[in-house]
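A closer look at the structure
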Amino acid sequence: MADAKLDIKAIEKKWQSYWKEHHTFEANPDQRKKFFVTFPYPYINAYQHIGHLFTLMRVEAFAKYKRLQGYNVLFPQGWHATGSPIVQAAKRVAAREPKQMKIMADMGITDEAQLKKFEEPQYWIEFFAPEYKKDYDTLGMGIDWRREFHTTSLNPRYDAFIRWQFSKLREKGYCIRGKFPVVWDPKEQVPVGDHDRIEGEGETPQEFTLLKFKLGDVYLMAATLRPETMYGQTNLWVNPSVMYRKAAVDSELWIVSQECAEKLAQQNHSVKIVGEVAGRELIGKRALAPVVEREIVILPASFCDPKKGTGIVTSVPSDAPDDWMGLVDLKNNPAELAQYGLHPSDIEGIAIIEIIDSQELGRRAAIKVCEDMGITSGRERKKLEEAKKLVYKVGFYEGTMLESCGPYAGMKVEQAKEAIKQVLLKKGKAALHYELTGRVVSRSLTECVVKIVADQWFLDYGNPEWKSFAHKCLGNLRLYPDKARQQFDYVIDWLRAWACTRESGLGTRLPWDEQWLIESLSDSTIYMAFYTISHILQSVPEEQIDDALFDYVFLKDNSAKVACGKENADAMRAEFEYWYPLDFRNSGKDLIQNHLVFFIFNHTAVFPEDKWPRGIGVNGWVTVDGQKMSKSLGNMIPARRVAADYGADASRFTILSGGEGMDDPNWDSRLALSVQGKLEQMYLFALDCNGRGRDGELAIDLWMRSELHRIIRKVTASMEETMFRSALQGIFFELTKAIRWYLRRCAGVPNKELISQVIEAQLIMLAPFTPHICEETWHALGKKGSILDASWPAYVDSLIEEKDSEGFISTVLDDIGQVLKLTKIAQPKKIMLFTSPLWKYELFGLLRQALQESHSPKDIIGRVMATKLKRHSKDAIKIVSSFIRKGNVPDTLGHEKELEALTQAKGFLEAEFSAQIEIARAEDSVEEKAKLASPGKPAMVVA
RNA sequence: GCGGGGGUGGCAGAGCCUGGUCAAAUGCGCUAGCUUGAGGGGCUAGUCCCUUAGUGGGUGCGCGCGUUCGAAUCGCGUCCCCCGCACCA
């Protein structure tokens, strides 16, 4: 075999140019069935890393597979620039902020002149889009670049498309206006996302209900997360050492903590401090509880935190462990009570009010849990936290409101909460207030607050009608893997109105309210449709692109007056009608909860049902050599490095064999290293073996053909499910193994036609994975045209043998080897093989059947003894008992076939061991060992 | 906390739905022999423990309990890991 080293880099380049010159991946509508795939356009604010490639490669491999199956495949690609990261980064570059400078330096951008350019957001797009494109090309991605585009108003054509989309959404009533609590940086005056925080990732606004307790001419405001427990209130808690504020809030006088007053001001209230009230002065007074209209006493509690809520808490001892312990503590502390002129009897006199039946926790869940957990004082904070969680969990999800709760009696707590809250608000007896679940500090080092944005635009994903369309769409599309379906359904149900506009960043302005920019997840939901026309649209003057044009093209609205000329418009409509709907879109599983579900929702809103998406794939997060990829570990692998270090084909191979389904795929650099050699080996083998061999047909040829078809069948099924790892397993490893065995069995002289078929099939099936080396081999074999235009191999079920006769020969081969090893016979002269005595085949058959009906030893042995096998009872019982224990009997070829197989393999075995082989039936031999033979396991004597 | 997905041999990863043929595919790594040969090459064999003329036995698929003649596979409980939980791309 020639040991010519292949120049991988040159081969890759060669075929990449070939594809480009031949416009291989430029897809146009024609008579064929089509397949349209997309990979979500990446956000281009940095070089991409290997993680992108895993998601991308699934699209790419699927595209090439479908192409080989005869589909007209469209795989376009665009770039995302919407939102604030690029703008922010540009600003930081302009400020030469050290941290940002480090990021730039890590990307190899240090040149002052170039940095200057990066101060301009647009330059990021100009710079990174081509870089991404280069990476994709270097890896041999089959993308139709004519349709490339980027987002935001920096691309007026896309901008027009998004404006059209939003006009449609608004027409349908899905784009609505409302208020919205956001995490807000009061210094920078911007909303602060998770990634813009120094502290407090994951903290979110939490909704408190502020209950208004009338006390003279003012309202004492108590904050609660559980308005449904209102009927169980027995007292109020204030912190005696806190100086509360009397504030004019809107048109009322409220008593709240100083901190609360400040927050209220941020949340659309007019707040004016008009006085102070010391906590201790309030104690002992009575205030009128809203709606229940009952006067309750105000008691001291140190756990009232002025930073949380209003600093005043309403007490529900039946269902709040803190409150219960607060009462217990007070009772045990007459001295403290005395300070406020109270007596322990005042506390004793407080009657617990049962309001919720918490199933196993009873009607006084808080008290029961405190007792169960042995909590004796309010100081046991940790235990109390736990108790609180437990009480809430059981009470909220399993509890029912009791008769004490008036109109809510019998209602599920889950429902009562919302109902009671609404009534309180409607009657003006409560207000809503938002507070962060924890401290959040923005990058500008400012502590963040909750702000209510008033004129916010939303996409109304909570709309039940819209939800039902989304469910319908989901129900009719294919998911790869289907496991993800539950998650999708869940998200569709759970999604509420989504704030779809922003005040700053890059993007498209809302057509009817231009102060707002459409945010990045909302301008990327139906853009796949834009790919179908983008290359044509490029030649249409901007001013001729309007809603009418899109109505004409996408909605077949013939009454729409198109400005750009009918010919162009019709061409675009034809493209859209041909390519849409989208057949496969793949992304990381993290995008299920937003992007992918938005994608479904928006399609159902804008397009008719026959244009709704047909397939969605999701995959996991990449690990590198088993470790999670992260900046801190320093194991982020830039996309471009893999192609450079390992070669495009080896990288693609490694990526797709890294994992499948929703599991996290792994990048195994050792595998990447070893793949290149294997691919070269395959190339050399193909050249060496193609057309080599004999004409006549041997038994082993049937086996090889069977294996080939079996593997094609398996691989095809895997490819259909985007199970690329399994497919690769079959195409590369299993088939290669079969070929090796085949060549070994036929002494290196295969059937000419068959071996060529095998080589060709393997090459074609491998082409979606490693297209460069496959093209190279394809052409070296003298084939014409791109391998990507070849046909995916077909399989014929009838050619696939059910029983693997070669498994038997390979067992025999192994066994002989074992015996030789154990006996330390290096070079045997003669090897005698004996097929099993016939009665054992009979016994096996009988046993197999008997075991299907019974597992009772007595029964089975009885059955055996009832036949003429009784003659062999001594040996038979041994065999029978061993198989009863194992539970089943191996399915063997049968005596005739075994003997035939051995006879046919005689020459092979002789060659393998350079020894004389004799084959006989056990019955015909006097050798003691011959008797040991059993079905599937011939006995042997070596000498 | 809520929803989803997982925990298999040195590593990666099949198997689990449809219980037995599973000491558990395949690959990587490692070991040995062969290619008559030096450095990402190929082929063959081995790679849980003990034992052995190809065998037999033990341990074993996060942990515990259970169902069953029989469980990596089914049920219950428990621990752990990953993803998402929103205005962030």
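Okay, so let's go over this structure.

About the cut-offs
- Residues numbered from 1 in each chain as written.
- Chains lettered and ligands numbered in written order.
- Predicted model: local features only at pLDDT ≥ 70, side-chain atom pairs only at ≥ 80, totals over all residues.
- Heavy atoms only, no water.
- Salt bridge = Lys/Arg side-chain N within 4 Å of Asp/Glu carboxyl O.
- Helix = DSSP H or I, 4+ residues; strand = E, 2+ residues; numbered from the N terminus.
- Buried < 20%, exposed > 50% of the residue type's maximum accessible area, 1.4 Å probe, protein only.
- Pairing = 2+ DSSP bridges.
- Phe/Tyr/Trp six-rings, centres within 6.5 Å; stacked < 30°, edge-to-face > 60°.

Some thoughts on the pattern of salt bridges
Taken as a whole and judged by the stated rule, the model has 58 salt bridges. The partner of Glu776 in a salt bridge is Lys14, with the nearest N and O atoms 2.9 Å apart. Taken together, the residues Glu776 in helix H28 (residues 771–780) and Lys14 in helix H1 (residues 8–21) connect sequence positions 762 residues apart. Residue Glu776 is classed as buried on the basis of its relative accessible area, which comes to 13%.

Observations concerning the sheet that holds strand E21 (residues 498–499)
Strand order in this open sheet of four strands is E4-E3-E19-E21, and the pairing throughout is antiparallel. Unpaired on one side and paired on the other, strand E4 (190–191) and E21 mark the two borders of the sheet. Sheet topology note: the strand E3 (residues 175–185)/strand E19 (residues 449–459) ladder contains nine bridges and is antiparallel. What sits directly across from Trp184, in E19, is Val449.

Some words on the packing of aromatic side chains
What characterises a pair of aromatic rings is the spacing of the ring centres plus the angle enclosed by the ring planes. On inspection of all chains with the given rule, the structure shows 64 aromatic pairs. Taking the centre distance of 6.0 Å and the plane angle of 20° together, the rings of Trp79 and Trp145 count as stacked. Placement of Trp79 in the loop between strand E2 (72–74) and helix H3 (85–94) and of Trp145 in the loop between helix H6 (121–138) and helix H7 (156–171) is noted, with a sequence separation of 66 residues between them. In terms of burial, Trp79 and Trp145 fall into one category: buried. Ring plane angle 70° and centroid distance 4.8 Å describe the contact between Trp498 and Phe598, whose orientation is recorded as edge-to-face. One end of the pair, Trp498, is in strand E21; the other, Phe598, is in helix H21 (residues 592–606), with 100 residues separating them in the sequence.

Things to note about unusual backbone geometry
Peptide bonds are, in most cases, trans, and in most cases residues other than glycine have a negative phi. Pro481 follows Tyr480 through a cis peptide bond whose omega is 0°. Relative to the helices and strands, Pro481 resides in the loop between strand E20 (478–480) and helix H17 (485–494). Residue Pro581 is bonded to the preceding Tyr580 through a cis peptide linkage, with omega at 0°. Position of Pro581 among the secondary structure elements: in the loop between helix H20 (566–579) and strand E24 (584–588). Residue Asp250 is not a glycine yet carries a positive backbone phi of 50°. For Asp250, the position within the fold is in the loop between strand E9 (243–249) and strand E10 (252–256). Taking relative accessible area as the criterion, Asp250 reaches 44% and is therefore assigned partly exposed. Of note, the phi angle at Val291 is positive, near 65°, even though the residue is not glycine. Checked against the element boundaries, Val291 lands in the loop between strand E12 (286–289) and strand E13 (294–300). Residue class for Val291 comes out partly exposed when judged on its relative accessible area of 23%.

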